[in-house]
Amino acid sequence: MESNRTDLESILAAIPGEIYWKDMNGVYQGCSDAQIKLSGCSKASEVIGKTDYELAWKNSADQLRRNDLLVIKTGKLMTFEEIVTLDNGAQIFFLSNKAPWRDTSGNIIGIIGSSIDISAQTQKQLALVEQVHVAEHQKRITEIFLKNVISNLPDHVFWEDKEGRFLGCNDQQAKNIGFEKAEDIVGKTIWDIAKKLDWTDEMIQNLRANDLEVMNTGKTISVEESAMWANGVTRTFLSKKAPLRDDHGNCIGILGLSFDITELKKIELELRREKKQAESANLAKSDFIANISHDIRTPLHAILGTAELLKLKAHLPEQSELLDAIIQSGETLSKLIENVLDFSKLEQGPEHLPEELIDLESLLNTLVLPVRKTANQKGIDIIIDYPRHIPRHLFSNADALRRIFINLLGNAIKFTHEGSISIHVSIANASENTVILEITVKDTGIGIAQNELNHIFDRFYRANPSYQGKYQGSGLGLAIIKKIVENLKGSIQVESCLGVGSKFVCTLPFKFNRHATINPTPKYDLMLHRNTSPKKLSVLLVEDATLTQKFSISLLEMMGCNVQLASTVIETLQATKKQFDLIFMDIGLPDGDGLALIQELRKIPLHTNTTIIALTAHAGAEIKSHCINAGANDFLTKPASYKALLTCINQYLK
Ligand code: ADP
């Protein structure tokens, strides 16, 4: 740098920044080394005497001169942001302080400037500005997008303040409540809308109650609402209403989204109507089946009962054989009616099976008792294997269990001609209060072909020799069993081999309580065919039908019972002044209701524990529970057969 500089000029020149002073015409009178360097010159003399228009930043000279003149004009220190583009294309951002240069008399003779390169900071700022721009742009796009989405939604979107004043909604909502644009609704209250559309008090109260619930609980709700639109049509909506919150999370109103479900509701209503119709048609069908089976059963049992009586009194073997044929055919027909009735009941839906404490071992024994003779006659033995470690006192539905195992046992006897039938009980699983038992009924009978095994639980399915007429049956038994087993939350499986035998395994859960036991009932000596019992059962038969009276008395007497007859309510009340072991009570008496009579008897201390079996000619689905609720121990369909009476006596009084 030049040596003839003053000390001050030397100091100024050395300052690490752009310092310069120009005269009134913008001609450089001096500058710092940094300024010389910036200009691309090597010494001060190459800059001094030149204007900005002649130096490396000539392209930005206009801007610099303008700022210089402003300082000269105002006579004040001013700060400028100056962007200088150099000849080499580089762009530098300067923050320039420019002050008037005065002579000793105070006259302005030019400007003195100092400029700091702020390119780095400016770039950052620019980037920041850019970022802000991008964010704002994105925000705007998002807003436009959301507005578009909300506007075009086919459903109704709206948001209200706490006072029920609309803050906004989508076009669909605005249109349906009679406004051209969504903006037109802003500021209107739901009461304004209600007035405009003639909503009923109930409608508005319902809508407001839902809004208040959302605001009070702060929870989103889903509710059905109805409202009338501008076109006068009332529509039903499924509305989702959520709290509208400010930035601090305070609830400031509600946000609602309503789906029009009017058409859906119509379809639902129609379906409900159709379902009801189908249900009542099904009920009518069941009633019809119940009535018809009752009408068939009554004379049929009279025939059976009479045949049984005659057989017991028959002297000639041919008479016995003929009577056997009547009894067998009658029983098959009776079984068929029972199965059809049972199946029709089960088809109406799962039965409620109340649980009671049962003795499973003796229940199985009782079932075997009446069929053992038939089996023995065919040369077949029936074995019950109930290991001692398995609990016997369990909770289940005795009636359901009886229906399952009577059927399985009946099939086993029917399809077995030699060998044996066994009932084996084992534990599949056990916990503290529940035990899952596998009860297997196994026979050495004709077996079932593998390709038929998958079908034998289907209704009316009968495997090969059965449908060829070799065996009687309806093909409903196993279908019924399967439904009952499922009602008890169990399952049933079959394994079989043609010519070897079949195995039906019922897996059933039972609740049990180690301490729950059933008190043994007093034992009676029952003589089945002879009236020589040392202690006779005293039985009261309440029955008004003469024919039924006749053979029921004969049958009971043949079983060794002492029978007293009562055919009216009055006679019954008279007779029950003394104790009976068993009362068979017809529930349809000429002078009153047998069920009410049972209730009466239960109130008499003498009869609180007497075994009362209701007799009914009806076989409707509800009848058993009616009898049990009235206080009967069980019920029998009337007129009860020899077998039914015997099973009943064995079960309750053994
Ligand atoms: P059915 O009244 O015909 O016995 P089920 O529903 O009880 O009706 O049985 C359906 C069919 O399954 C029977 O017809 C028979 O072919 C077959 N079946 C059932 N149990 C046995 C069995 N223990 N041994 C051989 N076949 C059986």
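Bear in mind the structure is a predicted one, so any value in this text is a computation, not a measurement. Note that residues are indexed from 1 along each chain, following the sequence as it is written. Confidence filtering applies because this is a predicted model: local features only for residues at pLDDT of at least 70, side-chain atom pairs given and counted only at 80 or more, and all residues used for totals across whole chains, interfaces and linings. Each side-chain value is derived from all of the structure's non-hydrogen atoms; neither hydrogens nor water enter the calculation.

Our next topic: the overall build of the chain. In DSSP terms, a helix is any run of H or I states spanning at least four residues, a strand is any run of E spanning at least two, and both are numbered starting from the N terminus. Per the secondary structure count, the chain includes 19 helices and 24 strands. In terms of C-alpha radius of gyration, the chain reaches 52 Å, well past the compact-globule figure of 26 Å for 654 residues. Principal-axis analysis of the C-alpha atoms places the extent of the chain at approximately 165 × 65 × 50 Å. Buried positions account for 44% of the 654 residues belonging to the chain. Note on areas: Shrake-Rupley, 1.4 Å probe, and residue coverage restricted to the protein chains presented here. When the accessible area of the chain is evaluated, it comes to approximately 35500 Å², of which 55% is carbon and sulfur surface. In the chain, which carries 72 positive and 81 negative side-chain charges, the distance between the mean positions of the two groups comes to 5 Å. Both definitions apply: the radius of gyration is a C-alpha atom measure, and the globule rule equals 2.2 Å times residues to the power 0.38. In this scheme, a residue with accessible area under 20% of its type's maximum is buried, one over 50% is exposed, and one in between is partly exposed, where area comes from a 1.4 Å probe on protein chains only. Charge counting follows a simple rule: Lys and Arg are positive, Asp and Glu are negative, and His as well as the terminal groups are ignored. Here the site of a charge means atom NZ of a Lys, CZ of an Arg, CG of an Asp or CD of a Glu.

This brings us to the sheet that holds strand S7 (residues 166–169). Two strands are said to pair when DSSP picks up at least two bridges between them. One open sheet accounts for 5 strands, arranged S7-S6-S10-S9-S8; its pairing is antiparallel. Looking at which strands have only one partner, the edges of the open sheet turn out to be S7 and strand S8 (221–228). Here the average twist between neighbouring strands, direction ignored, is 30 degrees. Of the strand pairs in this sheet, strand S6 (residues 156–161) and strand S10 (residues 251–260) are connected by 6 bridges, and their pairing is antiparallel. Across the sheet, residue Trp159 finds its bridge partner in S10, namely Leu255. Any pair of residues with heavy atoms lying within 4.5 Å of one another is described as a contacting pair. In this analysis, axes come from line fits to C-alpha atoms, helices being fitted only over the stretch in contact, and the angle between any two N-to-C directions falls in the range 0 to 180 degrees. Sheet strands touched by helix H7 (residues 201–217): S6, S8, strand S9 (234–245) and S10. Its angle to S8, the strand with the most contacts, is close to 155 degrees. Helix H8 (residues 262–313) rests against S8, S9 and S10 of the sheet, and its axis sits at about 125 degrees to S9.

So, on to helix H10 (residues 360–377). To estimate the expected span of a helix, subtract one from its residue number and multiply by 1.5 Å. For H10, spanning 18 residues, the distance from its first C-alpha to its last is 26 Å, which sits close to the expected 26 Å at 1.5 Å a residue. In this analysis the local bend is the angle between axes fitted, respectively, to the seven residues ending at and the seven residues starting at the residue. Roughly 50 degrees is the biggest bend found in H10, and it falls at Val371. Among the residues making up H10, those that are buried are Leu360, Leu363, Leu364, Thr366, Leu367, Val368 and Ala375. Where H10 starts, the residue carrying a side-chain oxygen 3.2 Å from the main-chain nitrogen of Glu361 turns out to be Asp359. Positive phi appears at Gly379, one or two residues downstream of H10, with a value of about 80 degrees. Distance and chemistry together define a polar contact, namely a pair of N or O atoms within 3.5 Å, with one atom able to donate a hydrogen and the other to accept it when in protein, and with adjacent residues in sequence counting only for side-chain atoms on both sides.

The next point concerns the packing of aromatic side chains. When the centres of two rings from Phe, Tyr and Trp lie within 6.5 Å, Trp using its six-membered ring, the rings pair. Their planes under 30 degrees apart give stacked, over 60 give edge-to-face, and anything left gives tilted. Taken as a whole and judged by the stated rule, the model has 6 aromatic pairs. An aromatic cluster of at least three residues, connected via ring pairs, comprises Tyr20, Tyr28 and Trp57. Only lysine NZ and arginine CZ atoms are considered, and such an atom sits over a ring when it is within 6 Å of the ring centre and within 35 degrees of the ring normal. If you follow Lys196 out to its NZ or CZ, it ends over the ring of Phe179, 4.6 Å from the centre.

Here we take up the state of the cysteines. Any cysteine sulfur atom paired with another within 2.5 Å is treated as part of a disulfide. Scanning the model with the defined rule gives 0 disulfides in all. Among the cysteines around Cys251, which has no disulfide bond, Cys169 carries the closest sulfur, lying 19 Å off. Cysteine Cys648 is unpaired, with the sulfur of Cys561 as its nearest cysteine sulfur at 11 Å.

Turning our eyes to something else, we now look at the pairing of S9. Within a regular strand, the side chains alternate between the two sheet faces. Inspection of the sheet shows S8 paired to S9 by 8 bridges, in the antiparallel sense. Across the sheet, residue Ile221 finds its bridge partner in S9, namely Lys241. Hairpin connection between S8 and S9: a loop of 5 residues separates the two successive antiparallel strands, and Gly232 in this loop has a positive phi of roughly 85 degrees. Taking the residues that link successive antiparallel strands as the turn, the S9-S10 hairpin has 5 residues, and the phi of Gly249 there is positive, at about 90 degrees.

With that out of the way, let us pick up the site of the ligand. Lining the immediate environment of the ligand, one finds 19 residues, of which Asn411, Asp443, Ala463, Ser474 and Leu478 sit closest. The contact in question runs from an oxygen atom of the ligand to an N or O atom on the side chain of Arg462, over 3.1 Å. One of the side-chain nitrogen or oxygen atoms of Ser502 is found 3.4 Å away from a nitrogen atom of the ligand. A total of 530 Å² of accessible area belongs to the ligand in isolation, and the protein chains cover 97% of it. Residues of the shell around the ligand, tallied by class, amount to 8 nonpolar, 8 polar and 3 charged. Residues are labelled near a given molecule or strand when at least one of their non-hydrogen atoms is within 4 Å of it. In this classification, Asp, Glu, Lys and Arg are treated as charged, Ala, Val, Leu, Ile, Met, Phe, Trp, Tyr, Cys and Pro as nonpolar, and every other residue, Gly included, as polar.

In this fold, Ile108 is placed in strand S5 (residues 108–117). Sequence separation between Ile108 and Met24 is 84 residues; the distance between their C-alpha atoms is 8.0 Å. Aside from chain neighbours lying at most four places away, what touches Ile108 is Met24, Ile72, Gly75, Pro100, Trp101 and Arg102.

Turning our attention to empty space enclosed by the protein. The method works on a 1 Å grid over the protein atoms by themselves. A cavity is a set of points holding a 1.4 Å probe that cannot get out, a pocket is an open set with protein on both sides within 12 Å along at least five of seven lines, and residues with an atom within 4 Å of a point line them. Grid points are joined across faces, edges and corners, and a volume is the space filled by probe spheres set on the points. Applying the stated criterion across every chain yields a total of 2 cavities of 30 Å³ or more. Approximately 210 Å³ is the volume attributed to the largest cavity. Looking at the largest cavity, it is lined by 18 residues, and the ones nearest its centre are Phe158, Gln173, Trp199, Leu207 and Glu225. Looking at the lining of the largest cavity, the elements that each hand over two or more residues are S6, helix H6 (190–197), H7, S8 and S9. Grouping the amino acids of the lining of the largest cavity by side-chain chemistry returns 10 nonpolar, 4 polar and 4 charged. The computed volume of the second largest cavity comes to approximately 110 Å³. Examining the composition of the lining of the second largest cavity, we find that 3 residues originate from one element, strand S4 (residues 91–102), more than from any other.

The next thing to look at is the pairing of strand S20 (residues 582–586). Most of S20 sits inside the fold, with 5 of its 5 residues counted as buried. The alternating pattern of S20 places Leu582, Phe584 and Asp586 on one face and Ile583 and Met585 on the opposite face, and all of these are buried. Bridge count between strand S18 (residues 537–542) and S20: 4 bridges; the pairing is parallel. From the neighbouring strand, Leu541 faces S20, where its bridge partner is Phe584.

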